[in-house]
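# Structural features, examined
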Amino acid sequence: MSAPELKIFKNKHLLAEKLAKDFIRHINRMILSNEKVSIALSGGSTPSLFFNAMVSMDPQVDWNRVRFYWVDERCVPPEHPESNFGVAYREFLLPLGIPETSYLRIRGEDDPEKEALRYGELIKKNVAPGKDHPVFDIVLLGMGPDGHTASVFPWQKALWYGDHLCTVGTHPASGQKRVTFTGQLINNAKRVVFMVTGSEKAPVLKKVIRRSGNYLEYPSSFVDPQSGILEWYLDEEAAGDLS
Ligand code: 6PG
């Protein structure tokens, strides 16, 4: 596993601002050499900070050369408050005028198993092929306090190493079904970026970053881009146990 690059910021707002600036720089650089830049977004609450920072920068990007996907999606309709696409649409896609042709959402309203297969086929068809699996240019991940990432939760290791590009996860508390990338897609990306804030994540983050204790119980520990870059954008709260 290549050494992950840690970027630690005083607070989550400074983190989001720098992440947005770096994203814009990466996208504009990749547009020069890629027909289409493929980016996968995560959900939850943290990405809203990033979306707001992106919108406030009003980036000059040819969005027609970019296509957004989702790392995971709750199995709810897009207008549901918990829809990862719904949040991204309201806070990012719509305010920036990103055209409908520049994103392909997971259909949370459809049958989860069928949608996981459909989305995997869609990715195969639209994302640059690699030696084994499609290659995303950037995958943006979050991490829960329990060390989950995407919608692969602790003790669901088999989902991560499954045979398909996308599968169906289950939230351990709510039982909510979610369509999610598996490790095949995440670890095949050119650049994987974790965005993690908050002191409640510090204990597990330390184990994942330092690969100490029972770190292998946490799916975030399975993120290990084979030939890509792994970066952690952390605020001081989340990084509090690393020192
Ligand atoms: C989701 C996300 C999930 C998220 C973590 C962190 O659909 O919930 O994809 O993996 O990244 O749960 O969530 P917060 O950003 O809300 O802490």
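First things first, this report covers the structure right here in the doc.

With that settled, the discussion passes to the side chain of Ser 83. Note that Ser 83 resides in the loop between strand S4 (72-74) and helix H3 (84-93). Of note is the side chain of Ser 83, whose polar atom sits 3.5 Å from the side chain of Glu 73. At 3.5 Å, the side chain of Ser 83 and the backbone oxygen of Pro 78 are in polar contact. With residues up to four places along the chain from it excluded, the contact list for Ser 83 reads Glu 73, Val 76, Pro 77 and Pro 78.

Another point: the site of the ligand. The ligand sits among 16 residues. The nearest are Thr 46, Asp 72, His 148, Ala 150 and Lys 201. A distance of 2.7 Å separates an oxygen atom of the ligand from a polar atom in the side chain of Asp 72. Between the ligand and Ala 150, the relevant distance is 2.6 Å, taken from an oxygen atom to a main-chain nitrogen or oxygen of the residue. Across the complex, the protein chains shield 89% of the 410 Å² of accessible surface that the ligand would expose by itself. In terms of residue class, the shell around the ligand is built from 2 nonpolar, 10 polar and 4 charged.

With parallel pairing, 6 strands are arranged side by side in an open sheet as S1-S9-S8-S5-S2-S3. Each edge of the open sheet carries a strand with a single partner, namely strand S1 (5-9) and strand S3 (66-70). Each neighbouring strand pair of the sheet contributes to a mean axis angle of 20 degrees, computed without reference to strand direction. Examined bridge by bridge, strand S2 (residues 37-41) and strand S5 (residues 138-141) share 2 bridges and lie parallel to one another. Opposite Ile 39, over in S5, you have Ile 138 as the bridge partner. Sheet strands touched by H3: S2 and S3. Its angle to S3, the strand with the most contacts, is close to 145 degrees.

Conventions used here
- Residues numbered from 1 in each chain as written.
- Predicted model: local features only at pLDDT ≥ 70, side-chain atom pairs only at ≥ 80, totals over all residues.
- Heavy atoms only, no water.
- Helix = DSSP H or I, 4+ residues; strand = E, 2+ residues; numbered from the N terminus.
- Polar contact = N/O pair within 3.5 Å; in protein donor to acceptor, adjacent residues only side chain to side chain.
- Contact = heavy atoms within 4.5 Å.
- Near = heavy atom within 4 Å.
- Areas by Shrake-Rupley, 256 points an atom, 1.4 Å probe, with all protein chains shown as cover.
- Nonpolar A, V, L, I, M, F, W, Y, C, P; charged D, E, K, R; others polar.
- Pairing = 2+ DSSP bridges.
- Axes fitted to C-alpha atoms, helices over the stretch in contact; angles between N-to-C directions.

Just distances and angles here, no functional claims.
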